[in-house]
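As a plain string of letters, each chain reads:
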Amino acid sequence: MWKHSKYQLHKVVNVFDLWRSHLTIIEGCFGTSVASYFIFLKWVLLMNIPIFMLTFAFLVIPQILYRYYQAEPTGYGGNTESFTGIELLTGSGFFKSTEMYYGFYTNEDVEVVSGLFYKMKYAYLLTCGGYYLFCLILLGYSYLKSYRKYYIDAGGTMCLYYFNLLLCGWDYGIKSQEASVLKQSSIFQEIKEYLAGSKMLQTSKETGHKIAKKWSFTILSWAIVLSLLAASGFITYTVSNELSIKTELDNSTSIPVISPLAMPVVLSSIQLVVPMIFTFLEAHEDYSQPKYELYVHMFRDMALKATMLAVLVYFWFEIAASKLECWETYVGEEIYRLVIVDLIFTLCYSLFREFFCKLCSLKWKTIKKAEFATGRHTLELVYSQSLCWLGLFYSPLLPVVVILKLIVIFYVKRFSVVQNCRPSLKPWRASRTHTIFVGYLFTFFILSCVAVGFGIFLIKPSTACGPYKDYKTAYQVVTDAIENWKASNDVVNEFFKFISSPGFISGLLILLGMILYYTRTVMLSHRERVQQFKLQLASEGKDKKFLMNLLNQVRVRGRRVSKQPGPMLHKTMEAISPAQSAGGKVFVKSVAEGALIASPNS
Amino acid sequence: MGGSQSVFTEEELDDYQTLTYLSKKEILHVFKRFKSLAPGLVEANKNVKLPMSKITEMPELKVNPFRDQICKVFSSSGDGMTFEDFLDMMSVFSDGAPKNVKVEYAFRVYDFDGDDLISDSDLQNVIEKLTGANQLNEADMQQLIENIMEEADLDDDKTLSFAEFEHVISKAPDFVNSFRFRM
């Protein structure tokens, strides 16, 4: 009964399975590696939808109601600018005085039904806390699930490498001849590479000279990487200082569309060019396995993005906050522009690299079609999502933009990949890399939270606009509210005194430490037990072999050697089928369920 | 879709649904695919047994290096597949089949000589089929087989029994995902 209703629920949920047909086609032609990018994109999109609903319901709608119901809204001038198409690109102008940005939101109470007040100040902060908490729980949960599945269950990284490669390596969903041939060659390459690598490990005796050369090159390349990071940070800072902020401060010296867009364009170009330098460096560094090369490249790429974003955040909070009148709206606009320019660059990449390569390959046979760079594209997704988290507090309608952007990217990439790309020859550990991507997403989420937290707790909000214009920091709203409660209610006062006392806090820390120690001990003991069980299995196998040998010796010559115990279902099937003389086929499911009932300790 | 719906009665569809891991819609879809392999023969008699050569025309099987072995395992009579055999095969390869069923059938697919053990010769067959046109040399092949046995053979009898196979494959995270046909 329970299974039946669960099954029905599953069928209903499947109806909402977004883009299922597209994913099937991609999987059939390219295998799981390329499909993993699209699945990741779908997951990020689905995560953004609840965030959008939260901000829409709790922030945008009350603000719209405020606009229409309040008789004399204070501090709100009508929208003086008109909507021209260019606002979609720059995000300022008409959009500055709409619900798009922080600066438009009121600090008053919205009263639609008389007597019920909706306090915008508290709503803004609490909604912010709400969606960050939601993302934290979702990301933490999926990261832990992924980690558990692929690292802990597998019991270590290299243990079952060959077995996994050969006996689980074939993707049964492949439908096209080209993909099949490519999969075969990629398995062959991986086998050869790995055998060569393990042979080298066994026989290598590197001379001192070679080791020194290798290490000096590694140090040199890391020095180059660090200097590139510093240079890109400096460039970002200079461009922001010279061009972007000038439009806000002084309209005469800036060019209307180019100046605000200069910083995002420079940022995206750096992100396009510098990884190529990284790839060049890695080609010359001697890595023992190609996957280490991939991991190092991903780390360097993410470090580059993180550096540039950190410089930007510093610039916004230190320089822009002190110079500009309504700096939060400016930050929101900057992030909006970053998102749009990122979208344009992604589309251009699809157009130029993939489409162009295909055209070239049609004309000149030597140029091959482009491969779909799954790793690079997934990292771009992580970057764009972290922009969204960074900008949520300053631009509540940003999730809409990001959702539309993701939908556009999905369709463009899906058609581009099928028309223009060829399957990659390099082997791809889809499972392990998924854990790494979710890990990066989680890291960037934490960094964005820290940055926004910094802005909320420490930076003074602008006095001209926004819900917090009369406060020293945005967080002061909460502390004021707590003070009010404490003053009005003795119980609350006592409660807060107790919580913030040193005794309570140290007690909590000691408790956490004890829980940590306990779980660690349990984990160690489980590991010991697993080792013991493995030894036990080996020795039982030896016993079995010994007994079988004895049995063979005793048996009379000529008798048939008895079969080893066969698979469970096969035996059950043989047991059932003679009994069922009439009637047709015995289906697998009925046998499996019968066997399950018969032996509940399986 | 309307044409194939009239081929089965509601009762038959219900039975098939209980007996396999597929939904009614998927069963009809499977029948459509079975019919497309040999439209004339299936139209005449829906319980016809199609020869192996026709079954391996199916796109997923056509490019699969283990197609002959898969057909052999799922065919109830050994020389062809009826619709019910075909349905059973698609059921095991569907998303709804539990892991232990898939593991069981993966074992039987990789056990080429049918002795319920995966021995060196079975592994050699698997490797040859997997690498396709590019063939490994003798030394590499031996090394590879030795490595696999070292990883998976727990009782050191130089063959993989079903228990060992199941134990090792339950740790492979990609197995369930790769051992299926997409509908």
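Residues numbered from 1 in each chain as written. Chains lettered and ligands numbered in written order. Predicted model: local features only at pLDDT ≥ 70, side-chain atom pairs only at ≥ 80, totals over all residues. Heavy atoms only, no water.

## Concerning the overall build of chain A
Next up, step 1: For chain A, the count of helices and strands is 19 helices and 4 strands.
Next up, step 2: Across the 602 residues that make up chain A, the buried fraction comes to 41%.
Next up, step 3: Taking contacts inside chain A between residues at least 6 apart in sequence as the whole, the part at least 24 apart equals 75%.
Next up, step 4: If you sum the accessible surface of chain A, you get close to 33400 Å²; carbon and sulfur atoms cover 67% of it. (Helix = DSSP H or I, 4+ residues; strand = E, 2+ residues; numbered from the N terminus. Buried < 20%, exposed > 50% of the residue type's maximum accessible area, 1.4 Å probe, protein only. Contact = heavy atoms within 4.5 Å. Areas by Shrake-Rupley, 256 points an atom, 1.4 Å probe, with all protein chains shown as cover.)

## Regarding the interface of chain A and chain B
Next up, step 1: At the junction of the two partners, chain A supplies 59 residues and chain B supplies 69 residues.
Next up, step 2: Overall, the association of chain A and chain B removes approximately 5900 Å² of surface from exposure, summing both partners, and the carbon and sulfur fraction of that is 62%.
Next up, step 3: Here chain A and chain B share 0 salt bridges between them.
Next up, step 4: Between chain A and chain B we count 4 residue pairs in polar contact (both at pLDDT 80 or more) in total.
Next up, step 5: Counting residues per element, the ones that place at least two in the side of chain A that touches chain B are helix H1 (2-15), helix H2 (20-30), helix H6 (161-167), helix H7 (177-203), helix H17 (502-554), helix H18 (568-579) and helix H19 (588-598) of chain A.
Next up, step 6: Examining the composition of the side of chain A that touches chain B, we find that 10 residues originate from one element, H7(A), more than from any other.
Next up, step 7: Class assignment of the residues belonging to the side of chain A that touches chain B gives a composition of 29 nonpolar, 15 polar and 15 charged. (Buried area = accessible area lost by both parts, 1.4 Å probe. Salt bridge = Lys/Arg side-chain N within 4 Å of Asp/Glu carboxyl O. Polar contact = N/O pair within 3.5 Å; in protein donor to acceptor, adjacent residues only side chain to side chain. Nonpolar A, V, L, I, M, F, W, Y, C, P; charged D, E, K, R; others polar.)

## Here we look at the confidence of the model for chain A
Low pLDDT means the predicted coordinates in that region are not meant to be read closely.
Residues and elements named next belong to chain A.
Next up, step 1: Averaged over all residues, the pLDDT of chain A equals 78, while 81% of them reach at least 70.
Next up, step 2: Mean pLDDT across the secondary structure elements of chain A bottoms out at H18, with 55, and peaks at helix H12 (residues 374-391), with 89.
Next up, step 3: A low-confidence stretch, residues 556-566 (pLDDT under 50), is modelled with 7 contacts involving residues beyond four sequence positions or located in other chains.
Next up, step 4: Considering only residues more than four positions removed or in separate chains, one finds that residues 578-583, a stretch of pLDDT under 50, has 2 contacts. (pLDDT = per-residue confidence, 0-100.)

## Side note on the UniProt feature "transmembrane region" (unreviewed entry) in chain A
Next up, step 1: In this numbering, the UniProt entry assigns the feature "transmembrane region" (unreviewed entry) to residues 46-66, 122-144, 215-237, 257-281, 302-321, 389-412, 433-459 and 498-519 of chain A.
Next up, step 2: Helix makes up 100% of residues 302-321 of chain A and strand 0%. Its end C-alpha atoms lie 27 Å apart. (UniProt positions renumbered as here; feature names shortened; annotations may be inferred.)

## Let's talk about the UniProt feature "domain: EF-hand" (unreviewed entry) in chain B
Residue and element names in this part refer to chain B.
Next up, step 1: UniProt's entry tags residues 98-133 and 140-175 with the feature "domain: EF-hand" (unreviewed entry), counted in the numbering of this structure.
Next up, step 2: For residues 98-133, the end-to-end C-alpha separation is 34 Å, with 67% helix and 0% strand making up the annotated structure.
Next up, step 3: Spanning residues 140-175, this segment combines 61% helix with 0% strand, and its end C-alpha atoms are found 25 Å apart.

## Describing the state of the cysteines
All names here are of chain A.
Next up, step 1: By the definition in use, this model includes 0 disulfides over all chains.
Next up, step 2: Between Cys-449, a free cysteine, and Cys-135, which holds the nearest cysteine sulfur, the sulfur-to-sulfur gap is 8.0 Å.
Next up, step 3: Cys-449 sits in the partly exposed class, given a relative accessible area of 23%. (Disulfide = S-S within 2.5 Å.)

## Describing a nonpolar patch on the surface
All names here are of chain A.
Next up, step 1: Side chains of Phe-495, Phe-498, Ile-499, Phe-504, Ile-505, Leu-508, Leu-509, Ile-510, Leu-511, Leu-512, Met-514 and Ile-515 sit close together on the surface and give an oily, nonpolar patch of about 1200 Å² of accessible area.
Next up, step 2: At 9 residues, H17 tops the list of elements feeding residues into the nonpolar patch.
Next up, step 3: By the element assignment, Ile-515 lies in helix H17. (Patch = residues over 30% accessible without salt bridge, like charges linked within 9 Å, V, L, I, M, F, W, Y side chains within 5 Å.)

## A word on the packing of helix H2 (residues 10-19) of chain B against helix H3 (residues 24-37) of chain B
Residues and elements named next belong to chain B.
Next up, step 1: Contact pair H2 / H3: the axes reach a minimum separation of 9 Å and the direction vectors enclose 100 degrees. Comparing their axes, H3 and H2 come out roughly perpendicular. Across the interface between the two elements, Glu-10, Leu-13, Asp-14, Tyr-16 and Gln-17 of H2 pack against Lys-24, Ile-27 and Leu-28 of H3.
Next up, step 2: The residue inventory of the contact of H2 with H3, partitioned by class, reads 4 nonpolar, 1 polar and 3 charged. (Axes fitted to C-alpha atoms, helices over the stretch in contact; angles between N-to-C directions. Parallel < 35°, antiparallel > 145°, perpendicular 65-115°, else oblique.)

## Section: helix H12 (residues 162-169) of chain B
Next up, step 1: Among the residues of H12(B), B:Phe162, B:Glu164, B:Phe165, B:Val168 and B:Ile169 are the ones counted as buried. What you see down the axis of H12(B) is that its buried residues fit within an arc of 165 degrees, all on one side. (Arc of directions from axis to C-beta.)

## Topic: the nonpolar core
Next up, step 1: Among the nonpolar cores identified, the biggest contains 100 residues, and A:Phe38, A:Trp316, A:Trp389, A:Phe393 and A:Tyr468 are the most heavily contacted of them.
Next up, step 2: Per-element accounting of this core gives the leading share, 13 residues, to helix H10 (residues 290-323) of chain A.
Next up, step 3: The contacts of A:Tyr468, once residues within four sequence positions are left out, are A:Tyr102, A:Lys121, A:Tyr124, A:Leu125, A:Phe393, A:Pro461, A:Ala474 and A:Val477.
Next up, step 4: Core analysis: the next-biggest nonpolar cluster, separate from the first, contains 78 residues, A:Tyr162, A:Phe163, B:Tyr16 and B:Phe74 among them. (Core = buried A, V, L, I, M, F, W, Y, C linked by side-chain atoms within 4.5 Å.)

## Let's talk about the packing of aromatic side chains
Next up, step 1: By the definition in use, this model includes 41 aromatic pairs over all chains.
Next up, step 2: Plain terms: the ring middles of A:Phe52 and A:Phe56 are 5.5 Å apart, the flat faces sit at 35 degrees to each other, and that makes the pair tilted. One end of the pair, A:Phe52, and the other, A:Phe56, are both in helix H3 (residues 32-69), 4 residues apart, so they sit about a helical turn from each other.
Next up, step 3: On the numbers, 5.1 Å between centres and 90 degrees between planes, the contact of B:Phe31 with B:Phe83 is edge-to-face. Residue B:Phe31 is found in helix H3, and its partner B:Phe83 is found in helix H8 (residues 83-92); the two are separated by 52 residues along the sequence.
Next up, step 4: The exposure class of B:Phe31 is buried, given its relative accessible area of 2%.
Next up, step 5: A relative accessible area of 1% places B:Phe83 in the buried class.
Next up, step 6: Ring pairs connect the aromatic residues A:Tyr102, A:Tyr124, A:Phe317, A:Trp327, A:Phe393, A:Tyr394 and A:Tyr468, which therefore count as one cluster.
Next up, step 7: In this arrangement the basic side chain of A:Arg300 is found over the ring face of A:Trp222, its NZ or CZ atom lying 4.4 Å from the centre.
Next up, step 8: The ring of A:Tyr349 has A:Arg376 lying over it, and the distance from NZ or CZ to the ring centre is 4.5 Å. (Phe/Tyr/Trp six-rings, centres within 6.5 Å; stacked < 30°, edge-to-face > 60°. Lys NZ or Arg CZ within 6 Å of the ring centre and 35° of its normal.)

## Describing the confidence of the model for chain B
Residue and element names in this part refer to chain B.
Next up, step 1: Scored by pLDDT, chain B has a mean of 83; 97% of the residues are at 70 or more.
Next up, step 2: Element-level mean pLDDT values for chain B span from 50 in helix H1 (residues 2-5) up to 88 in helix H9 (residues 99-110).
Next up, step 3: Here the complex is predicted with pTM 0.73, and the ipTM for its interfaces comes to 0.83.

## Brief notes about the domain arrangement of chain B
Residues and elements named next belong to chain B.
Next up, step 1: The domains assigned to chain B are domain 1 (10-92) and domain 2 (99-178).
Next up, step 2: One C-alpha centre belongs to domain 1, the other to domain 2; they are set 26 Å apart.
Next up, step 3: Each partner contributes residues to the interface: domain 1 has 9 residues there, and domain 2 has 11 residues.
Next up, step 4: For the domain 1 and domain 2 pair, buried surface summed over both sides reaches about 990 Å², with 72% attributable to carbon and sulfur atoms.
Next up, step 5: Of all residues in domain 1, the largest losses of buried area upon contact with domain 2 belong to Phe-66, Gln-69 and Val-92, amounting jointly to 55% of the total for that side.
Next up, step 6: Where domain 1 packs against domain 2, one counts 0 salt bridges.
Next up, step 7: At the surface where domain 1 touches domain 2, the tally comes to 4 residue pairs in polar contact (both at pLDDT 80 or more).
Next up, step 8: The dominant element in the side of domain 1 that touches domain 2, judged by the number of residues it contributes, is helix H7 (residues 67-74), at 5 residues. (Domains from an automatic or database assignment.)

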